[in-house]
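# Inside the fold
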Amino acid sequence: MIRGSCLCGDIRFETAARPQGASMCHCSQCRKQSGGIWASAQVRDEDLIITGPVSWFEATPQAKRGSCPRCGCFLFWKGKGEDTTSFALGAVDGATGLSIEKHIFTAFKGDYYDIADGVPQED
């Protein structure tokens, strides 16, 4: 079981499913919203239990982002028409048992860091 929460604890999530696609997103939207690289993994919507008042923001027509209206934690990413939701690995309580599989949107990464871990990169 993987469990997590926002900083203030108003929003909690859990899944018994094995998350897929552990990645680090370098797009400008994730960097702006999280203050850095956003690490996430996804599970099918039916396998993710979310409690609390998630505030959803549609930054683009392709996806929406879920955060806590009280503490501002960026917790979820949901692609339009997809049956999965990504959750922030940094919000997980304890170990995830996962390893990053890829870096995404690397063409938009900040100029103040290098990606040097040998994990595959996608522009």
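This text goes with the structure placed above it.
Just so you know, the residues in each chain are numbered from 1, in the order the chain's sequence is written. Under the rules for a predicted model, residues below a pLDDT of 70 receive no local features and side-chain atom pairs below 80 are neither given nor counted, while totals for whole chains, interfaces and linings still include all residues. Excluding hydrogens and water, the side-chain figures rest on all heavy atoms present in the structure.

## Here we look at the nonpolar core
- Grouped together as the largest cluster of nonpolar side chains are 24 residues, with contacts concentrated most on Ile 11, Phe 13, Leu 75, Phe 76 and Phe 87.
- The contact definition used throughout considers only heavy atoms, calling two residues in contact when any of these lie within 4.5 Å. Apart from residues lying up to four places away in sequence, Phe 87 is in contact with Ile 2, Phe 13, Pro 19, Trp 38, Ala 39, Ser 40, Ala 41, Val 43, Leu 75, Phe 76 and Val 92. We call a set of buried Ala, Val, Leu, Ile, Met, Phe, Trp, Tyr and Cys residues a nonpolar core when their side-chain atoms join them within 4.5 Å. Here's how the labels work: a residue is buried when its accessible area is under 20% of the maximum for its type, exposed when over 50%, partly exposed in between, all with a 1.4 Å probe on protein chains only.

## Quick notes on the pattern of salt bridges
- A side-chain nitrogen of Lys or Arg and a carboxyl oxygen of Asp or Glu constitute a salt bridge if their distance falls within 4 Å. Here the structure, examined in full by the defined rule, presents 5 salt bridges.
- Here Asp 10 ties to Arg 70 by a salt bridge, and the two come within 3.2 Å at their closest N and O atoms. Of this pair, Asp 10 sits in the loop between strand S1 (2-5) and strand S2 (12-15) while Arg 70 is found in the loop between strand S7 (63-67) and strand S8 (74-79), placing the two residues 60 residues apart along the sequence.
- A relative accessible area of 32% places Asp 10 in the partly exposed class.
- Among the ionic pairs, Lys 78 bridges to Asp 45, the shortest N-O distance being 2.6 Å. Of the two residues, Lys 78 sits in strand S8 while Asp 45 sits in the loop between strand S4 (38-44) and strand S5 (49-51), which places them 33 residues apart along the sequence. In this description a helix means any DSSP run of H or I spanning at least four residues, a strand means any run of E spanning at least two, and both kinds are numbered starting from the N terminus.

Scope: geometric values only; no functional claims are made or implied.
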